[in-house]
Amino acid sequence: WGSHWGWRKPVILWGAATLIATGMACAWADNFAQLLTLRALLGFTLGFNDAASTAMTLEAVPSKYRGKAVLVVQGIGGAVGKILVAVLADALYDHAYNPGYERFGWRTFLCICTLPCIPALLLGLYVTNESPRWLAVHGRTEEASQLLHNLALRNGTADKFPKGTRVLQPDRWGEAEDLQLSSLERLTKEPMHTMVILTSGAMVCANFVYFGLLFALPVYIEGAGYEARWTRDQKSTILVIVAMAEAPAMWFGFGSIDWKDVGRSKTVVWSLVGAAVCCLVFNFQALAPVLHTSGAIVVTQFLARGFASASVITLKIYCGEIFPTLARAAAVAVAQSWARIGAALSPVVVGFLLVDWSQGEYGMWTKLQPLRVFMLFSIFAAVGAFLIHELGIEPQGSTLPDNERQALDRVQDGSSLGGNIKKALSGSFEGWDEVPTGSPAKA
């Protein structure tokens with residue numbers, strides 16, 4: 001909704017400011033009800049930044065680098081942050097280093113996790129701008145020209161984009177009434193209606209697998225460690241090692257999204273397939289006592305976590321690149337909303353299927369609990385890979401689409417669902433009129 005009115009910059013900055021406020025306030029909660037309310041507000045503010053920042057990053061970076069830019073900012077940066085949080089949490093519960101929480105407690109822990117948001121907000125005030133592409137598509141070409149000139153001044157390249165350089169409004173295809181539709185209204189029409197359904201479904205699956213693995217491993221380790229008499233340090237070491245899987249996974253995605261004949265879609269598909277295979281392998285490992293070792297757990301969970309995290313971040317890039325500028329932020333917001341639903345369901349499902357091993361008998365029924373959970377992860381990962389495959393779009397190396405017809409042109413011909421939609425709609429676009437946008441000018 002905010003993107004339709006051009007409020008993406010205020011949304012990002014306001015989200016960062018409220019994130020700092022709610023994050024710090026959580027550290028001063030006096031009871032569970034206060035903490036629960038503040039954490040709910042914290043989750044709400046996190047949603048402010050996600051869709052708007054992804055869309056603005058994609059629109060601000062040249063096509064050659066845009067995927068890697070998002071991976072560096074949100075993927076690698078996020079992976080490093082999660083690793084640091086895992087290390088900090090390990091120190092928090094390390095009784096030798098922090099006996100009786102004498103060095104720091106959970107309140108200090110929350111404050112430390114919130115502090116990096118402060119320089120991020122200050123930096124955002126300086127570098128964050130509205131997207132010139134979004135401004136141009138919506139006819140605000142003078143604002144786009146001034147913004148690009150200001151950026152050129154900041155980068156020392158004002159001679160290449162002097163003040164007053166005219167920016168063309170990109171072509172907008174459609175009937176007169178279609179051009180007045182809001183971003184969300186556009187998502188209810190084909191081809192974007194099917195595109196947003198498939199990407200949202202894939203987002204649910206990928207995030208369910210990723211966050212499910214995140215929640216299931218500690219519960220599983222408690223049971224396996226109880227049976228194998230592992231110390232708390234051994235359990236914590238396994239969790240930290242597995243958390244580090246996200247860094248190499250991001251570097252894998254950093255290269256594969258631009259590999260020839262691979263690109264974004266195949267990176268998502270094969271990452272989800274890899275996560276599904278690793279979860280299946282873990283099932284057999286859980287049932288075979290000879291494989292029930294800490295090393296086997298680390299290897300399979302490390303790979304599964306890495307593949308799952310690579311699929312989540314690459315899918316976010318993919319989703320932002322296939323939708324047109326007229327509805328990009330709205331489409332990413334809808335897909336990410338469904339992703340959060342998948343993330344929220346995962347701990348509920350994991351908690352229901354993974355029993356407390358320390359209070360149960362170690363018979364066949366107990367051994368089947370991880371089988372049921374990780375088999376479910378395999379199924380969800382396979383479904384997510386199938387949905388992206390059926391969409392049949394590869395945005396690698398192409399410019400961002402600005403309207404529905406350009407988005408449809410990127411669907412690959414074939415027997416996939418996306419290809420069938422393209423065949424069905426190709427005739428309907430022939431009757432659309434191109435809206436004149438002026439004579440060519442330097443831009």
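Digging into the pattern of salt bridges
Enumeration according to the criterion identifies one salt bridge in this entry. Linking glutamate 321 and arginine 264 is a salt bridge whose minimum nitrogen-to-oxygen distance equals 2.8 Å. With glutamate 321 in helix α13 (residues 294-322) and arginine 264 in helix α12 (residues 263-287), this pair connects stretches of sequence that are 57 residues apart.

Quick look at the packing of aromatic side chains
Under the counting rule described, the total for this entry stands at six aromatic pairs. Between phenylalanine 208 and phenylalanine 377, the ring centres sit 5.9 Å apart and the planes meet at 70 degrees, which makes this aromatic pair edge-to-face. Of the two residues, phenylalanine 208 is situated in helix α9 (residues 192-228) and phenylalanine 377 in helix α15 (residues 364-391); the sequence distance between them amounts to 169 residues. Per residue, the accessibility class of phenylalanine 208 equals that of phenylalanine 377, and both read buried. Ring geometry for phenylalanine 252 against tryptophan 259: centres 6.2 Å apart, planes inclined by 85 degrees, an arrangement best described as edge-to-face. Owing to a relative accessible area of 36%, phenylalanine 252 belongs among the partly exposed residues under this scheme.

Some remarks on the environment of alanine 275
Within the secondary structure, alanine 275 sits in helix α12. Spatially, the C-alpha atom of alanine 275 lies 9.0 Å from that of tyrosine 210, the residues being 65 residues apart in sequence. In this structure alanine 275 touches Val209, Ala304, Phe307 and Ala308, once residues within four positions along its chain are discounted.

Quick look at the state of the cysteines
Applying the stated rule across the entire model yields zero disulfides. Cysteine 279 takes part in no disulfide bond, and the closest cysteine sulfur to it belongs to cysteine 278, at a distance of 7.0 Å. Residue classification places cysteine 279 among the buried positions, given a relative accessible area of 1%.

Regarding the nonpolar core
Counting residues in hydrophobic clusters, the biggest one holds 59 residues, and the most contacted among them are Leu213, Leu315, Phe323, Phe374 and Phe377. Within the residue set of this core, elements represented by two or more residues are α9, α10 (232-243), α12, α13, α14 (328-353) and α15. Residues contacting phenylalanine 323, with those up to four places away along its chain left out, are Leu187, Met192, Met195, Val196, Thr199, Arg328, Ala331 and Pro401. Counting 12 residues, the second-largest nonpolar core is a separate cluster that includes Leu58, Val70, Leu71 and Ile313.

Comments concerning the confidence of the model for the protein
Of all residues in the protein, 80% have pLDDT values of 70 or greater, and the mean over the chain is 76. Confidence, expressed as mean pLDDT per element, reaches its minimum in the protein at helix α17 (residues 417-426) with 57 and its maximum at helix α4 (residues 106-114) with 85. Between residues 361-368, whose pLDDT stays under 50, and residues either more than four places distant or in other chains, the model counts 10 contacts. Across residues 428-443, confidence stays below pLDDT 50; counting only partners more than four residues off in sequence or on other chains, it has 34 contacts.

Observations concerning the packing of helix α1 (residues 8-26) against α4
Here α1 crosses α4 at 165 degrees, and the two axes come no closer than 8 Å. What the angle tells us is that α1 and α4 run roughly antiparallel. Read as a crossing pair, α1 and α4 show a hand that is left-handed. Residues Leu19, Ile20, Gly23, Met24 and Cys26 of α1 form the contact with α4, whose participating residues are Trp106, Leu110, Cys111 and Thr114. Its residues assigned to classes, the contact of α1 with α4 shows seven nonpolar, two polar and no charged.

Examining the side chain of threonine 22
Structurally, threonine 22 can be placed in helix α1. Of the residues examined, threonine 22 reaches a relative accessible area of 12% and is grouped as buried. In this view, threonine 22 contacts Leu38, Leu41, Leu42 and Thr45; residues no more than four positions away in its chain are not counted.

A short note on the packing of α1 against helix α2 (residues 32-60)
When two helices pack together, their arrangement is given by the angle between their axes and by how far apart the axes lie. Interaxial distance between α1 and α2 falls to 8 Å at its minimum, and their mutual angle equals 150 degrees. The orientation of α1 relative to α2 falls into the category roughly antiparallel. The two elements α1 and α2 meet at a crossing, and its hand is left-handed. Classifying every residue of the contact of α1 with α2 by side-chain character gives 16 nonpolar, seven polar and four charged.

What counts as what
- Residues numbered from 1 in each chain as written.
- Predicted model: local features only at pLDDT ≥ 70, side-chain atom pairs only at ≥ 80, totals over all residues.
- Heavy atoms only, no water.
- Salt bridge = Lys/Arg side-chain N within 4 Å of Asp/Glu carboxyl O.
- Helix = DSSP H or I, 4+ residues; strand = E, 2+ residues; numbered from the N terminus.
- Phe/Tyr/Trp six-rings, centres within 6.5 Å; stacked < 30°, edge-to-face > 60°.
- Buried < 20%, exposed > 50% of the residue type's maximum accessible area, 1.4 Å probe, protein only.
- Contact = heavy atoms within 4.5 Å.
- Disulfide = S-S within 2.5 Å.
- Core = buried A, V, L, I, M, F, W, Y, C linked by side-chain atoms within 4.5 Å.
- pLDDT = per-residue confidence, 0-100.
- Axes fitted to C-alpha atoms, helices over the stretch in contact; angles between N-to-C directions.
- Parallel < 35°, antiparallel > 145°, perpendicular 65-115°, else oblique.
- Left-handed = near helix turned anticlockwise from the far one by under 90°.
- Nonpolar A, V, L, I, M, F, W, Y, C, P; charged D, E, K, R; others polar.

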